[in-house]
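If you want the building blocks of each chain, they are given just below.
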Amino acid sequence: MAKRTRERGFPVDPEPLPVPVVDNHTHLDHIGAVLAEAAPDGEPAGQAWPPTVADHLARAARAGVDRVVQVGCDLPSARWTAALLAPLSAGSSPLSGPETGRKSSTQQARVVGAVAIHPNEATLHAGVLEVGPDGLTPEAEPHHAVSLDDAVAEIADLAKGNQRIRAIGETGMDLFRTGPRGEQAQRASFRAHIALAKELGLALQIHDRDAHAEVIEVLLADGAPERTVFHCFSGDAEMARVCAENGWYLSFAGPVTFKANDHLRDALTAAPRELILLETDAPYLTPHPFRGQPNAPFAAAHTVRAMAAHLEEDLGTLCAAITANSERVYGNW
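Draft legend 1. Seen up close, the overall build of the protein chain. Across its full length, the protein chain carries 11 helices and eight strands. Rg of the C-alpha trace for the protein chain: 19 Å, near the compact-globule value of 20 Å for 333 residues, within the 12% margin. Across its three principal directions, the C-alpha atoms of the protein chain cover 50 × 45 × 40 Å. Taken over 333 residues, the protein chain has a buried fraction of 57%. In the protein chain, of all internal contacts separated by at least 6 residues, the share reaching a separation of at least 24 is 75%. Summed over its atoms, the accessible surface of the protein chain is roughly 13,400 Å², and 51% of this surface lies on carbon and sulfur atoms. Counting 28 positive and 43 negative side-chain charges, the protein chain places the centres of these two groups 4 Å from one another.

And the structure:
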């Protein structure tokens, strides 16, 4: 992915949560790509820069975010995710590089994974270089030479070969990034991922950007997996009610804290507590008032505090509900 550095450091460390919660969607392998080359002022003295996976997990645990779901949604990232979660007993070598550090059983115990071909990746694997409403020209990379069918087949192999991969995702549709031909490729990829999640008995994580009606249409036509999550839920209260009617989970990220997003807070209010999840989508979507700074799993504690304040609900009670919901979706870890 393109390097987009953010000169400021991470948000301030929050007061620890009274009850631990799960960040159910994060990209640990992408955080380093948005960081400045040198640690900005305010970062803990003596910590490696950029932080390793172990550093991110330790910082999150101190904040009360005790577990994460690592999401690999292109072929390189899916392979990285599977390698991170490979059993140490299998004799695999420690991962190397600034984002990883040495694997440990403690580190692994806090992480499970999700893998998929992102909808914007699906168009490139399908050879569709179509300009969408965003006005940007897509650029293929070497891994896009793999056909879409073969890319999805590799995702299936990675998921089948690793018991710590608990979800297929993020998959779905993104009509901000493509036009009609790309929409066809995304729809075909989405349907293949739905079928794979059902075949393997795994949860499904959905990416839905400017495609609410289309995503829901496909889910209803093909039959959604038993555990279906709208990652970074972006709909309104009416869509939240549709999700609730179908038992689909709504995962809220930093945008629920943005001042302009009353529709997201209305959706949060409308969502049944047993269907609410929490995420960072790190390194993006950092919660207010830290918008524009790089995100990391520990910052989920800021988001859940804002959610509890909006709902006028006890923070510990909401954290406990989110933890229980996360375990229903992804199992125990």
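Draft legend 2. The arrangement of the pattern of salt bridges in detail. Overall, the coordinates contain 12 salt bridges when judged by the stated rule. Taken together, the shared-partner salt bridges in this structure form one network comprising Asp66, Arg67 and Glu327.

Draft legend 3. Main features of the pairing of strand E5 (residues 203-209). Among the seven residues in E5, six count as buried, and that is most of the element. As paired strands, strand E4 (residues 165-174) and E5 are joined by six bridges and run parallel to one another. For Ala167, the partnering residue across the bridge sits in E5 and is Ala203. With three bridges connecting them, E5 and strand E6 (residues 228-230) associate as parallel partners. Each bridged residue has a counterpart across the sheet, and for Gln205 the counterpart in E6 is Val229.

Draft legend 4. Representation of the packing of helix H9 (residues 262-270) against helix H10 (residues 300-311) in the model. Put simply, H9 and H10 touch, their axes get as near as 10 Å, and they point 70° apart. When the axis of H9 is compared with that of H10, the two are roughly perpendicular. Across the interface between the two elements, Arg265, Leu268 and Thr269 from H9 touch Met307, His310 and Leu311 from H10. Residues of the contact of H9 with H10, tallied by class, amount to three nonpolar, two polar and one charged.

Draft legend 5. The arrangement of the side chain of Asn24 in detail. Structurally, Asn24 is set in strand E1 (residues 21-26). Judged by relative accessible area, Asn24 falls into the buried class, the value being 1%. A polar contact is formed between the side chain of Asn24 and the backbone oxygen of Leu278, at a distance of 2.8 Å. Here the side chain of Asn24 touches Tyr330 through a polar contact of 2.5 Å, side chain to side chain. Setting aside its immediate chain neighbours within four residues, Asn24 contacts Val69, Gln205, Val229, Ser251, Leu277, Leu278, Glu279 and Tyr330.

Draft legend 6. View of the packing of aromatic side chains. Scanning the model with the defined rule gives six aromatic pairs in all. Here the aromatic rings of Phe10 and Phe298 are separated by 6.3 Å at their centres, their planes lie at 75°, and the arrangement is edge-to-face. With Phe10 in the segment before E1 and Phe298 in the loop between strand E8 (276-278) and H10, this residue pair connects regions lying 288 residues apart in the sequence. What makes Phe10 buried here is its relative accessible area of 6%. For the pair Phe230 and Phe233, a centre-to-centre distance of 6.4 Å together with 75° between the ring planes defines the contact as edge-to-face. For Phe230, a relative accessible area of 1% corresponds to the buried category. Given the relative accessible area of 3%, Phe233 is considered buried. What links up through ring pairs into an aromatic cluster is the set Phe230, Phe233, Trp248 and Phe252.

Draft legend 7. Summary view of the environment of Gln163. Position of Gln163 among the secondary structure elements: in the loop between helix H5 (148-160) and E4. You can call Gln163 exposed: its relative accessible area is 75%. Once the C-alpha coordinates of Gln163 and Gly113 are considered, the two residues, 50 residues apart in sequence, prove to be 9.3 Å apart.

Draft legend 8. Seen up close, the packing of H5 against helix H6 (residues 180-200). Following both chains from N to C, one finds H5 and H6 inclined at 25°, their axes separated by 11 Å at the closest point. Taken together, H5 and H6 sit at an angle that is classed as roughly parallel. Handedness of the H5/H6 crossing: right-handed. Here Leu148, Val152, Ile155, Ala156, Ala159 and Lys160 of H5 lie close against H6, whose contacting residues are Ala185, Ser189, Ala192, His193, Leu196, Glu199 and Leu200.

Draft legend 9. Geometry of helix H1 (residues 53-63). If you check which residues of H1 are buried, you get Val53, His56, Leu57, Arg59, Ala60 and Ala63. Taken down its axis, H1 places every buried residue within 165° of arc, on the same side. Looking one or two places after H1, you find Gly64, whose phi comes out positive at around 100°.

Basis of the calculations
Residues numbered from 1 in each chain as written. Predicted model: local features only at pLDDT ≥ 70, side-chain atom pairs only at ≥ 80, totals over all residues. Heavy atoms only, no water. Helix = DSSP H or I, 4+ residues; strand = E, 2+ residues; numbered from the N terminus. Rg over C-alpha atoms; globule rule 2.2 N^0.38 Å. Buried < 20%, exposed > 50% of the residue type's maximum accessible area, 1.4 Å probe, protein only. Contact = heavy atoms within 4.5 Å. Areas by Shrake-Rupley, 256 points an atom, 1.4 Å probe, with all protein chains shown as cover. Lys, Arg positive; Asp, Glu negative; His and termini not counted. Charge placed at Lys NZ, Arg CZ, Asp CG, Glu CD. Salt bridge = Lys/Arg side-chain N within 4 Å of Asp/Glu carboxyl O. Pairing = 2+ DSSP bridges. Axes fitted to C-alpha atoms, helices over the stretch in contact; angles between N-to-C directions. Parallel < 35°, antiparallel > 145°, perpendicular 65-115°, else oblique. Nonpolar A, V, L, I, M, F, W, Y, C, P; charged D, E, K, R; others polar. Polar contact = N/O pair within 3.5 Å; in protein donor to acceptor, adjacent residues only side chain to side chain. Phe/Tyr/Trp six-rings, centres within 6.5 Å; stacked < 30°, edge-to-face > 60°. Left-handed = near helix turned anticlockwise from the far one by under 90°. Arc of directions from axis to C-beta.

Structural measurements only, silent on function.
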